[in-house]
Amino acid sequence: MRKTKVVTSEDILLKLCQSATAVLTKATDSPVHHAAMVQKIVKTSLKPDIGCFVLFDGGFSGLVVINFSSQAALEIYRNYMQHMGIPEEELATQHTADEVGDVLGELTNQIIGDFTGKIKRSIQTSITQNQPKMMAVNKNISVSVDSNIDKPQARRVSFTTENNHIFYLELAMERTEFIQLQDFEEGEEVDPDSILEAETVRQLEGKSNDKNEKKDNGSNDLLDELGI
């Protein structure tokens, strides 16, 4: 008799953690690990120094919060930018810089995108996400799922960067189970390398276009001065 497979909320959390470690490790070209233990918490909240949150809905609803210390935020940002080929002297040195928040927001978006792909392949249900919101905060700010979820389950998992800087991922979602009715084959997994390569090309093309635009503007200014 075939054993029935059941996917629980904890299994879904594990898939989210695997997406976070895979995307950040690939994007920064440095190891990022998550703890083997998960902590039950009463509520999710944004914490110093940079907090990011994303709501998702569909087959099940929930909220993802990632809280970075200033050291972890800068390490991830700088490793990512240098892996993209950006010179160190052009990088921000303060975690409050806009570009740091932009990079962390983009990486969070990639994490949730990889996670939704895993969910679609392994559980055969779809979830959609909103755009990640980043905030530099100096105190705790409670955030909750804005939906009709009765007593959402909240969990926290710690992550460690290559330089042993710690940041935390929190998940609040409805307690749920997915029960497999029959065997099926999971679809092919998207290669994070291809996502990173596409993002690198986009960034480099953007910089090239900016330089060409500045060059064209400079030429036009010179022609204007000459009255041509």
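Structural data are supplied above this passage.
Presented here is a report on the structure given in the accompanying data block. (Residues numbered from 1 in each chain as written. Predicted model: local features only at pLDDT ≥ 70, side-chain atom pairs only at ≥ 80, totals over all residues. Heavy atoms only, no water.)

1. Some thoughts on the pairing of strand β6 (residues 62–68)
Right, on to step 1. Of all seven residues in β6, seven are buried, a share of seventy percent or more.
Right, on to step 2. Alternating positions in β6 separate into two faces, Gly 62, Val 64, Ile 66 and Phe 68 on one and Leu 63, Val 65 and Asn 67 on the other, with burial throughout.
Right, on to step 3. Hairpin geometry of strand β5 (residues 50–58) and β6 is characterised by an intervening segment of three residues between the two adjacent antiparallel strands.
Right, on to step 4. Bridging between β6 and strand β11 (residues 166–173) involves seven bridges; their strand directions are antiparallel. If you follow Leu 63 over to β11, its bridge partner there is Ala 172. (Buried < 20%, exposed > 50% of the residue type's maximum accessible area, 1.4 Å probe, protein only. Helix = DSSP H or I, 4+ residues; strand = E, 2+ residues; numbered from the N terminus. Pairing = 2+ DSSP bridges.)

2. What about empty space enclosed by the protein?
Right, on to step 1. Scanning all chains against the criterion turns up two cavities of 30 Å³ or more.
Right, on to step 2. By volume, the largest cavity amounts to about 60 Å³.
Right, on to step 3. For the largest cavity, the full set of lining residues is Ser 9, Glu 10, Leu 13, Gln 153, Arg 155, Leu 171, Met 173 and Arg 175.
Right, on to step 4. Take the lining of the largest cavity: its biggest share by element is three residues, from helix α1 (residues 9–28).
Right, on to step 5. For the lining of the largest cavity, the per-class residue count stands at three nonpolar, two polar and three charged. (1 Å grid on protein atoms, 1.4 Å probe; cavity = no way out; pocket = protein on both sides within 12 Å on 5 of 7 lines; lining within 4 Å. Points joined across faces, edges and corners; volume = space filled by probe spheres on them. Nonpolar A, V, L, I, M, F, W, Y, C, P; charged D, E, K, R; others polar.)

3. Observations concerning the packing of helix α2 (residues 70–83) against helix α3 (residues 98–123)
Right, on to step 1. Contact geometry of α2 with α3 gives a least axis separation of 10 Å together with a crossing angle of 80 degrees. As judged from the angle between their axes, α2 and α3 are roughly perpendicular. The segment α2 lies against α3, with Ala 73, Leu 74, Ile 76, Tyr 77, Tyr 80 and Met 81 engaging Glu 99, Val 100, Val 103, Leu 104 and Leu 107. (Axes fitted to C-alpha atoms, helices over the stretch in contact; angles between N-to-C directions. Parallel < 35°, antiparallel > 145°, perpendicular 65-115°, else oblique. Contact = heavy atoms within 4.5 Å.)

4. Points about the side chain of Thr 125
Right, on to step 1. Along the chain, Thr 125 turns up in the loop between α3 and β7 (127–129).
Right, on to step 2. Look past the residues within four positions of Thr 125 in its chain and what remains in contact with it is Gly 59, Phe 60, Ile 119, Lys 120 and Phe 178.

5. Section: the nonpolar core
Right, on to step 1. Counting residues in each nonpolar core, the largest one holds 46 residues, and the members touching the most others are Ile 12, Phe 60, Val 100 and Phe 167.
Right, on to step 2. Elements supplying a minimum of two residues to this core: α1, β5, β6, α2, α3, β10 (153–160) and β11.
Right, on to step 3. Per element, the largest residue contribution to this core is nine residues, and it comes from α3.
Right, on to step 4. Discounting residues that sit within four places of it in the chain, Phe 167 has contacts with Leu 24, Val 32, Ile 66, Asn 67, Phe 68, Ala 72, Ile 76, Val 157, Ser 158, Phe 159 and Thr 161.
Right, on to step 5. Residues Leu 46, Val 65, Val 143 and Val 145 belong to the second largest nonpolar core, which totals seven residues. (Core = buried A, V, L, I, M, F, W, Y, C linked by side-chain atoms within 4.5 Å.)

6. Quick notes on the packing of aromatic side chains
Two descriptors summarise a pair of aromatic rings, namely the distance from one centre to the other and the angle between the planes of the rings.
Right, on to step 1. The final tally for this structure, using the stated rule, is five aromatic pairs.
Right, on to step 2. Geometrically, the ring pair formed by Phe 159 and Phe 167 is stacked, given 5.2 Å between the ring centres and 15 degrees between the ring planes.
Right, on to step 3. Overall, Phe 159 belongs to the buried group, its relative accessible area being 0%.
Right, on to step 4. Taken together, the ring pairs connect Phe 56, Phe 60, Phe 115 and Phe 178 into an aromatic cluster. (Phe/Tyr/Trp six-rings, centres within 6.5 Å; stacked < 30°, edge-to-face > 60°.)

7. Here's the deal with the packing of α1 against α3
Right, on to step 1. Close contact between α1 and α3 brings their axes to 8 Å; oriented N to C, the two are set at 135 degrees. Here α3 runs oblique to α1, going by the angle between their axes. Judged by the twist between their axes, the crossing of α1 over α3 is right-handed. Contacts between α1 and α3 involve Ile 12, Lys 15, Leu 16, Gln 18, Ser 19, Ala 20, Val 23, Leu 24 and Ala 27 on the former and, on the latter, Leu 107, Gln 110, Ile 111, Ile 112, Asp 114, Phe 115, Lys 118, Ile 119, Ser 122 and Ile 123.
Right, on to step 2. For the contact of α1 with α3, a count of residues per class yields 12 nonpolar, four polar and three charged. (Left-handed = near helix turned anticlockwise from the far one by under 90°.)

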